[in-house]
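One-letter residues, chain by chain:
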Amino acid sequence: MNTKTNSGAGRPATLALFDDPPREGRERLGPGAFVLPGFALPFVDALLPAIEGLAERASFRHLVTPGGFTMSVALTNCGALGWTSDRRGYRYSATDPDTGKPWPAMPESFTRLAGEAASAAGFDGFEPDACLVNRYAPGARLSLHQDKDERDYGAPIVSVSLGMPAVFLFGGHARGDKAARIPLVHGDVVVWGGEDRLRYHGVLPLKDEPHALLGAIRVNLTFRKAG
Ligand code: SIN
Ligand code: FE2
């Protein structure tokens, strides 16, 4: 007998109940910054095929920074605006510079997750117009930076971790401020806004710890109100 289904009915709802995380928990990183452990887990079945679909239309690529370095993280975007970089600078663009076409539309599951996570962190009414999709292989890292290419800083950042674990660095308002090391696993969401909106953050080089669903990859979705 399958102990995970209701007697006779075989309803998958019961299984989903076992798989779903507690969604009420949140860990405070600052007055406007929270980790929401496992918050994205109920969305994963919708997120993964959507990520594959959008990568077919707007490929992951390794961008060059204005300083001439090639990023170890590969990225693509969806939504009205996409974040890009080249020798001329960082910017948001309504079109994919690789194809000249608009970025793929933001899937409904993405928008819903971002809005619900923002609300859980105290930021109601978050309507992102940009989702940066970062893909990390073992060894890839993201050095400390501020998210400040957006038009205004009134909206929070919502950051969703999928796949391999990572250590997120959450620093202060100056690059040299000591950064907290926050372990993040598949399904975790970090939200920062308000007075924490411009905190420096980054990701330590990823260890090779393959994930059951995604293999040796970490995908991060960063939702922003850019325009
Ligand atoms: C970012 O800062 O854009 C991404 C952070 C992360 O991958 O967790
Ligand atoms: Fe960032």
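The structure under discussion appears in the preceding block.
One structure accompanies this document, and this report is about it.

So, how was this worked out
Residues numbered from 1 in each chain as written. Chains lettered and ligands numbered in written order. Predicted model: local features only at pLDDT ≥ 70, side-chain atom pairs only at ≥ 80, totals over all residues. Heavy atoms only, no water. Pairing = 2+ DSSP bridges. Helix = DSSP H or I, 4+ residues; strand = E, 2+ residues; numbered from the N terminus. Donors = N, O, S within 2.8 Å, 3.2 Å for Na, K, Ca; no water. Phe/Tyr/Trp six-rings, centres within 6.5 Å; stacked < 30°, edge-to-face > 60°. Buried < 20%, exposed > 50% of the residue type's maximum accessible area, 1.4 Å probe, protein only. Lys NZ or Arg CZ within 6 Å of the ring centre and 35° of its normal. Axes fitted to C-alpha atoms, helices over the stretch in contact; angles between N-to-C directions. Expected span 1.5 Å × (residues − 1). Contact = heavy atoms within 4.5 Å. Salt bridge = Lys/Arg side-chain N within 4 Å of Asp/Glu carboxyl O. Near = heavy atom within 4 Å. Areas by Shrake-Rupley, 256 points an atom, 1.4 Å probe, with all protein chains shown as cover. Nonpolar A, V, L, I, M, F, W, Y, C, P; charged D, E, K, R; others polar.

1. Let's talk about the pairing of strand E1 (residues 27-30)
Here's step 1: Of the strand pairs in this sheet, E1 and strand E2 (residues 33-36) are connected by 3 bridges, and their pairing is antiparallel. Bridge assignment links Glu27 to a residue of E2, and that residue is Val35.
Here's step 2: The antiparallel hairpin formed by E1 and E2 contains 2 residues in its connecting segment.

2. Structural notes on the coordination of the iron ion (ligand 2)
Here's step 1: Looking at the iron ion (ligand 2), the protein donor atoms are His145 (NE2), Asp147 (OD) and His201 (NE2), and they sit 2.1 to 2.2 Å from it.
Here's step 2: Donor residues binding the iron ion (ligand 2) come from one chain and are separated in sequence as H-x1-D-x53-H. Of this pair, His145 sits in strand E7 (residues 142-145) while His201 sits in strand E12 (residues 201-203), placing them 56 residues apart in sequence.

3. Section: the packing of aromatic side chains
Here's step 1: Using the criterion set out here, one finds 5 aromatic pairs in the structure.
Here's step 2: Considering the side-chain rings of Trp83 and Tyr90, the 5.3 Å spacing of their centres and the 25° angle between planes classify their relative orientation as stacked.
Here's step 3: Owing to a relative accessible area of 11%, Trp83 belongs among the buried residues under this scheme.
Here's step 4: Arranged with centres 6.0 Å apart and planes meeting at 85°, the rings of Phe110 and Phe223 form a pair that is edge-to-face. In this pair, Phe110 sits in helix H3 (residues 108-120) while Phe223 sits in strand E13 (residues 218-224), placing the two residues 113 residues apart along the sequence. Residue Phe110 shares its accessibility class with Phe223, and that shared class is buried.
Here's step 5: A network of ring pairs unites the aromatic residues Phe168, Phe170 and Trp192 as a single cluster.
Here's step 6: One residue, Arg26, lies across the ring of Phe34, its end atom 4.0 Å from the ring centre.

4. Some details on the sheet that holds strand E8 (residues 157-163)
Strands belonging to one sheet form pairs held by backbone hydrogen bonds; the direction of such a pair is parallel or antiparallel.
Here's step 1: One open sheet holds the 7 strands; their spatial order is E1-E2-E11-E8-E13-E6-E3, and the pairing between them is antiparallel. What marks the edges here is a single partner per strand, and that holds for E1 and strand E3 (74-78). Averaged over all neighbouring strand pairs, the angle between strand axes comes to 20°, with direction disregarded.
Here's step 2: The pairing of E2 with strand E11 (residues 189-192) spans 4 bridges and is antiparallel.

5. Observations regarding helix H2 (residues 44-57)
Here's step 1: With 14 residues, H2 should cover 20 Å at 1.5 Å per step; its first-to-last C-alpha distance of 20 Å lies within 8% of that length.
Here's step 2: On the buried face of H2, the contacting elements are E3, H3, strand E6 (130-136), E8 and E13.

6. As for the pattern of salt bridges
Here's step 1: Using the criterion set out here, one finds 11 salt bridges in the structure.
Here's step 2: Between Asp129 and Lys225 there is a salt bridge; the shortest N-O distance is 3.4 Å. In this pair, Asp129 sits in the loop between H3 and E6 while Lys225 sits in the segment after E13, placing the two residues 96 residues apart along the sequence.
Here's step 3: For Asp129, a relative accessible area of 14% translates into the label buried.
Here's step 4: The residue Arg197 makes a salt bridge to Glu150 at a minimum N-O spacing of 2.9 Å. With Arg197 in the loop between E11 and E12 and Glu150 in the loop between E7 and E8, this pair connects stretches of sequence that are 47 residues apart.

7. Thoughts on the site of ligand 1
Here's step 1: Taken together, Asn134, Tyr136, Leu142, His145, Ser159, Phe168, His201, Val203, Arg218, Asn220, Thr222 and Arg224 make up all the residues around ligand 1.
Here's step 2: Summarising the interface, the protein chains cover 98% of the accessible area of ligand 1, which totals 260 Å² for the free molecule.
Here's step 3: The set of elements that each furnish at least two residues to the shell around ligand 1 consists of E6, E7, E12 and E13.
Here's step 4: The element that contributes the greatest number of residues to the shell around ligand 1 is E13, accounting for 4 residues.
Here's step 5: Grouping the amino acids of the shell around ligand 1 by side-chain chemistry returns 4 nonpolar, 6 polar and 2 charged.

8. Some points on the pairing of E13
Here's step 1: Counting buried positions along E13 gives 7 out of 7 residues, so the element sits mostly inside the fold.
Here's step 2: Of the strand pairs in this sheet, E6 and E13 are connected by 7 bridges, and their pairing is antiparallel. Each bridged residue has a counterpart across the sheet, and for Arg135 the counterpart in E13 is Val219.
Here's step 3: Bridge count between E8 and E13: 6 bridges; the pairing is antiparallel. Residue Val158 lies in a different strand from E13, and its bridge partner there is Phe223.

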